[in-house]
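# Architecture at a glance
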Amino acid sequence: MPNIRHILETRVSAAMAAAYPEAAGAPAIVQASADSRFGDYQANGAMALAKRLGQKPHDVAGRVVEQLKGDAQVSDMADVPPPVGPGFINFRLRPKWIEHRLGEINRVKPEGEGRPSGERPGDEDRLGVEPAAESETVVVDYSAPNLAKEMHVGHLRSTIIGDALVRMLDFAGHRPVKQNHVGDWGTQFGMITAYFDSETRGLDQRTDVIASWQGVHVKDFEELYRRAKRLFDENPKFAAAAREYVVRLQGGDSEIKRRWEHLKYNSLWHCNQVYKRLGVYFANEDFRGESAYNDVLPDIVKTLADKGMLTESEGAQCVFLQSEIRNPKSEMPSGKPLFANKDGDPLPLIVQKSDEGYLYSTTDLAAIAFRTGCLPEIRNPKSQIRNETSPKASRILYVVDARQALHFQMVFECAYQAGFAKRGEHDLVHVAFGTMMDENGRPFKTREGGTVKLMDLLDEAERRARDLVDQKQTDLSRRDPNGPDGQAGLSDEERRDIARKVGIGAVKYADLSQNRTSDYVFSWDKMLSLQGNTAPYMQYAYARVRSIFRKGEHDEAETRRDAAPIPVPEAAEAALGKAILQFPETLDRALADYRPNILAAYLYDLAQAFTAFYDACPVLKSDEPTRTHRLKLCDLTARVMHRGLDLLGIETAERM
RNA sequence: GUCCCCAUAGCUCAAUUGGAUAGAGCGUUGGCCUCCGGAGCCAAAGGUUGGAGGUUCGAAUCCUCCUGGGGACGCCA
C-alpha cells in the first residue's frame, strides 16, 4: 500500500478533477498538518485551484470535500470535516485504520514467501516503504578525493552525503550507480612526476627527502605534492615542465604512466582504509576516475567542433555558451551569452588548453556522455570507456561543494547543447553543500593552519566517544551493579566497538542532520552531546528500546509473524503509531530534494514520540494483551530507527 | 564590476512545489525520581524571520531595492 500522503494526494487530486473537469491534473498539495488541532493531514490544493478558476477558495474546497464523501478509500482511512479558513481540507486519520495499518507493516514475511517484485532478499522488512513505481537508474558521483593527497576533511561531506543518498535511493527501489570520480589525472600528476624527474629536480634546492620513487607512500606523496606545488607556483620554468609532463602522460608515455599507476595504487589503498572506517563501500568498478575518460577527450572536443560550438580564444579551445532559445524570425540562436566574466565579456568553458592539455570540464563532459549512454561521436575504438557498459542513467547527481556551482551550470548546459545528455530525458543535478567551518566560523583547519586529515579526525571521534561510553558505564554500574537489563557491564572489546559506532556516527550524523546547503559548523561538543538531535541521542534511544526486549525476555520474532491490528488507545500511543506510519513518506520527501536532514529530523521526532510514550505507558508492567501491543510498538519503533539510521549510514548498538 | 548562496530566539539549527498561532536542542527559570535505562519527561520566558516596498485570501519562503556576510568568475580541480 502506498504511503498515507501519497494516497491522499491521489484521491484528493481525483476529487478535484471530478468536481472541476477543467482542472484535471491540478495538485492536491497534501502534507502532514502543521497543527494537530486541525487533524493529521491537510490538502491545500483547492485554494490554488480556486485562484486559477477565479472562484472563492472556500466554495471550491467545499465541493471537493463533497466529492470526497463518495470515496470509500478516503472515508475508510480518515474523517474529512468541512473545510475551514480560506479553504483548508483537513483529514483526521481513523484510529481503526491506524491500528490496522500498524499491524500490516508489523508483519515480516517469513523466508520463502513470495515478495513483491522490486524487493531483494533480506529486504522483507519494508516498514511500509513501497518500492518506487518507476525504478530509475541514478548515477551518484561523490567523494572524489584527489589521489595526490591524503584524504582530509574536505572530502568528508561529499562522502557522507553521497553514501546516504545511495542507501536511500536503493531502499526506495531505485538503482543507484556509485561513481567515485577520483582525481587521478591532470596538472597535479604532471607536477609530481616532473618534480621527481632528475632533469627538473635540480630546480628545487630541497631535494634531500625524496630519494627514490620506489616504495614511496601516500604520506610521502603528500610531501612531494607540497614541494612540487610550491615550486610550480614559484618557478615558471618548472611550471612549464610540469605542464609538459601532463601532456606526455595524457599522450600515453609509458614511463610516466608506470609512475602514475604506482602512485594511484598506493593512494587508492589509503582511501579504502578511510572508507572502511567510515562504513562507506566502493567496489573496484565504482572507482572510475578522470583518467578513465582520457582516450575520448579528443573526441569530445571534436564533437563540440563539429557542432560549431567551439571557439579558439588566446590559444585555448573554448565553448561560449549562448541561450538556446531561438529567434522565431531568423531561427538562429539568440546569441545571448549565458555566462559572463568579471569584465562583462562572455565567459568561456575551456575544454582544451593552449598547450593542448585537457581540463576537468572536458573530463566531466566525457563522463556525462558515458553515464547517459550518449556516446555516438566517440570514435576511438580502443578507448577504455568506449568498451565499458554505460549505466544509461536517467539522473546524475553530483555531490560536490557549492563553490563549483558555476562550473556545473556551464558543463550541464554544454552537455545538453552538445547532445551528451538530452533535456527531459537525463536530469543533471548538482547536489551542492556548504563549507565545513570551525566554531569561530572560519574554514576548518588544524591549530597550525593545515588541513585536517580524515584519519586523525576519525581517531579523535572514537577517542572522545570512548570517554562517553566509559562515563555512562560507570554511572550505570553505580546505580545498579547488575546492569539495567540484568546483564553485566560491557567488556573492553564491546566498549571499543560502541565507541567506534558512536564516534563515527556522531561525525556523520552531525553533517547529515543539517541542511546540506548551508555552511556547517563542526563542533565536537555538540555532535557528541547526549541531548538534542545527535547521533549518541539517537543511538541511546535505540539501545533503550532494545533493552526492553532483553529485560522482558521477549522474542520479537514471535510478534512479527502476525498482522493483527495494534490498538493505540492512549494519546501517546496514537502519536507514536502515526509517527511510525510516516516513515515512507518521509523517505520520499528526503529524496525529492536529496536532503538526508529531512530523514534525520523525522528520526529525532520519532525518538521523542517514543520517549513520551515510554514515559506515559508502562510496557512490561502492563497486563496482556496491552503488554504485547506495546511491545509491538516498541519493536516497530526500533525497526524504523534502525532502518532510518542505516539509510544515513549510521550503525546502532544493542547496548551502550 | 557581474553572477550565485546565505541572513530566523542569547548560541547552534528546523520550518515538506507559498498555508493556519515560525518550531527543536543548548543556555535561563520552575516542576516531576516508592515509576520498565533521568543521557528522561512536563512547563515558562525568549522572535517586527537583516531593513524597506510589492504580489497574494495567505509570505521566513516569490518579485524589486538596500544593508551585512560567504563564494565563483580563461587555460588548477
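Residues numbered from 1 in each chain as written. Chains lettered and ligands numbered in written order. Predicted model: local features only at pLDDT ≥ 70, side-chain atom pairs only at ≥ 80, totals over all residues. Heavy atoms only, no water.

In this section: the overall build of chain A. Per the secondary structure count, chain A includes 23 helices and 13 strands. Taken over C-alpha atoms, the radius of gyration comes to 29 Å for chain A, in line with the 26 Å a tight globule of 656 residues would show. Principal-axis analysis of the C-alpha atoms places the extent of chain A at approximately 85 × 80 × 50 Å. A total of 656 residues make up chain A; the buried ones form 53% of that total. Across chain A, every contact between residues at least 6 apart in sequence was considered, and the portion connecting residues at least 24 apart equals 73%. (Helix = DSSP H or I, 4+ residues; strand = E, 2+ residues; numbered from the N terminus. Rg over C-alpha atoms; globule rule 2.2 N^0.38 Å. Buried < 20%, exposed > 50% of the residue type's maximum accessible area, 1.4 Å probe, protein only. Contact = heavy atoms within 4.5 Å.)

Okay, the domain arrangement of chain A next. When cut into domains, chain A gives domain 1 (4-92), domain 2 (187-288) and domain 3 (454-647). For domain 1 versus domain 3, the separation of C-alpha centres amounts to 36 Å. Listed per partner, the contact involves 5 residues of domain 1 and 4 residues of domain 3. For the domain 1 and domain 3 pair, buried surface summed over both sides reaches about 380 Å², with 43% attributable to carbon and sulfur atoms. For domain 1, the biggest contributors to the area lost against domain 3 are Ile-4, Asp-40 and Tyr-41; these three give 68% of the whole. The tally of links from domain 1 across to domain 3 stands at 1 salt bridge. (Domains from an automatic or database assignment. Buried area = accessible area lost by both parts, 1.4 Å probe. Salt bridge = Lys/Arg side-chain N within 4 Å of Asp/Glu carboxyl O.)

This next bit is on the protein's contact with RNA strand B. Taken together, 63 residues are adjacent to RNA strand B, and Arg-37, Lys-353, Lys-472, Leu-530 and Arg-595 come closest. Sugar and phosphate atoms form 47% of the subset of RNA strand B atoms that lie within 4 Å of the protein. Within the contact set of RNA strand B, a sugar or linking oxygen lies 2.9 Å away from a side-chain nitrogen or oxygen of Gln-42. At a separation of 3.4 Å, a base nitrogen of RNA strand B approaches a polar backbone atom of Met-656. (Near = heavy atom within 4 Å. Polar contact = N/O pair within 3.5 Å; in protein donor to acceptor, adjacent residues only side chain to side chain.)

In the structure shown here, the tally under the stated rule is 39 salt bridges. The shortest N-O distance in the salt bridge between Arg-395 and Glu-136 comes to 3.0 Å. Of this pair, Arg-395 sits in strand 10 (residues 395-401) while Glu-136 sits in the loop between helix 5 (95-106) and strand 5 (137-141), and the two are 259 residues apart along the sequence. For Arg-395, a relative accessible area of 10% puts it in the buried group. Several salt bridges converge on common partners, so that one network encompasses Arg-466, Asp-470, Asp-492, Arg-495 and Arg-496.

Taken together, the 3 strands give an open sheet; going across it, the order is 7-8-9, and neighbouring strands pair in antiparallel fashion. The open sheet has two edge strands with one neighbour each: strand 7 (310-313) and strand 9 (348-352). Adjacent strand axes in the sheet meet at a mean angle of 45° when their direction is disregarded. Across 4 bridges, strand 8 (residues 316-320) lies against strand 9 in antiparallel orientation. Of the residues in strand 9, the one forming a bridge with Val-319 is Leu-349. (Pairing = 2+ DSSP bridges. Axes fitted to C-alpha atoms, helices over the stretch in contact; angles between N-to-C directions.)

Chain-level statistics for chain A give a pLDDT mean of 88 and a share of 91% at 70 or above. The model gives residues 207-211 a pLDDT under 50, and that stretch makes 9 contacts with residues more than four places away or in other chains. Here residues 327-332 is modelled with pLDDT under 50, and outside its nearest four sequence neighbours on either side it reaches 4 contacts, counting other chains as well. (pLDDT = per-residue confidence, 0-100.)

Helix 20 (residues 571-581) sits mainly inside the fold: 8 of its 11 residues count as buried. All buried positions along helix 20 are accounted for by Ala-572, Glu-573, Ala-574, Leu-576, Gly-577, Ala-579, Ile-580 and Leu-581. The secondary structure elements touched by the buried residues of helix 20 are helix 1 (4-19), helix 5, helix 21 (583-592), helix 22 (596-616) and helix 23 (626-647).

Before going further, it helps to spend a moment on the packing of helix 12 (residues 297-306) against helix 13 (residues 360-372). Describing two packed helices takes the angle between their axes plus the distance from one axis to the other. The contact between helix 12 and helix 13 brings their axes to 9 Å, and the two run at 90°. One element, helix 12, and the other, helix 13, form an angle in the roughly perpendicular class. Between helix 12 and helix 13, the residues in contact are Leu-297, Ile-300, Val-301 and Leu-304 and Thr-362, Thr-363, Leu-365 and Ala-366, respectively. Looking at the contact of helix 12 with helix 13 residue by residue, the classes come out as 6 nonpolar, 2 polar and no charged. (Parallel < 35°, antiparallel > 145°, perpendicular 65-115°, else oblique. Nonpolar A, V, L, I, M, F, W, Y, C, P; charged D, E, K, R; others polar.)

With that out of the way, let us pick up the packing of aromatic side chains. The geometry of an aromatic ring pair is captured by two quantities: the separation of the ring centres and the angle between the planes. Taken as a whole, this structure holds 16 aromatic pairs when the rule is applied. When the centroid spacing of 5.0 Å and the interplanar angle of 85° are considered together, the rings of Phe-522 and Trp-524 count as edge-to-face. For the pair Phe-522 and Trp-524, one class covers both residues: buried. An aromatic cluster is present here, built from Tyr-142, Tyr-275, Phe-282 and Phe-287 joined pairwise through their rings. Taking the ring centre of Tyr-20 as reference, the NZ or CZ of Arg-63 above it sits at 4.3 Å. (Phe/Tyr/Trp six-rings, centres within 6.5 Å; stacked < 30°, edge-to-face > 60°. Lys NZ or Arg CZ within 6 Å of the ring centre and 35° of its normal.)

The next subject is the pairing of strand 7. In this sheet, strand 8 lies alongside strand 7 in antiparallel orientation, the contact comprising 4 bridges. The residue bridging Thr-311 from the neighbouring strand is Cys-318, located in strand 8. The turn joining strand 7 and strand 8, which pair antiparallel and follow one another in sequence, is formed by 2 residues; a positive phi near 50° is taken by Glu-314.

All right, on to unusual backbone geometry then. Most peptide bonds take the trans form, and the phi angle of most residues other than glycine is negative. Looking along the chain, the bond that leaves Glu-624 and enters Pro-625 is cis, with omega of 5°. The phi torsion at Leu-127 lies on the positive side, around 55°, for a residue other than glycine. Checked against the element boundaries, Leu-127 lands in the loop between helix 5 and strand 5. When its relative accessible area of 3% is taken as the criterion, Leu-127 is described as buried. Not every positive phi belongs to a glycine, and Ser-143 is a case in point at roughly 75°. Positionally, Ser-143 belongs in the loop between strand 5 and helix 6 (156-171).

The next point concerns the environment of Asn-180. When you line up the elements, Asn-180 lands in the loop between strand 6 (175-179) and helix 7 (187-196). Residues Asn-180 and Ala-579, spaced 399 residues apart in sequence, show a C-alpha to C-alpha distance of 36 Å. Those residues in contact with Asn-180, other than ones at most four positions away along the chain, are Tyr-142, Ser-143, Ala-144, Pro-145, Tyr-275, Phe-282, Asp-286, Phe-287, Arg-288 and Gly-289. Polar side-chain contacts of Asn-180 include one of 2.9 Å to the backbone nitrogen of Ala-144.

By size, the foremost hydrophobic cluster in this structure holds 159 residues, and its most contacted members are Ile-89, Phe-91 and Leu-457. If you tally residues by element for this core, the top one is helix 22, at 11 residues. Ignoring sequence-local partners within four residues, the contact set of Leu-457 consists of Val-153, Leu-156, Phe-444, Val-452, Val-507, Phe-522 and Trp-524. (Core = buried A, V, L, I, M, F, W, Y, C linked by side-chain atoms within 4.5 Å.)

With that settled, consider the sheet that holds strand 10. Taken in spatial order, the 4 strands line up as 6-5-10-11 in an open sheet, and their pairing is parallel. With one partner strand each, in any of the chains shown, strand 6 and strand 11 (427-433) form the two edges of the open sheet. Adjacent strand axes in the sheet meet at a mean angle of 20° when their direction is disregarded. The sheet contacts of helix 6 involve strand 5, strand 6, strand 10 and strand 11, and relative to strand 10 the element is tilted by about 155°. Here helix 14 (residues 405-418) sits on the sheet and contacts strand 10 and strand 11; the angle it forms with strand 11, its principal contact strand, is near 175°.

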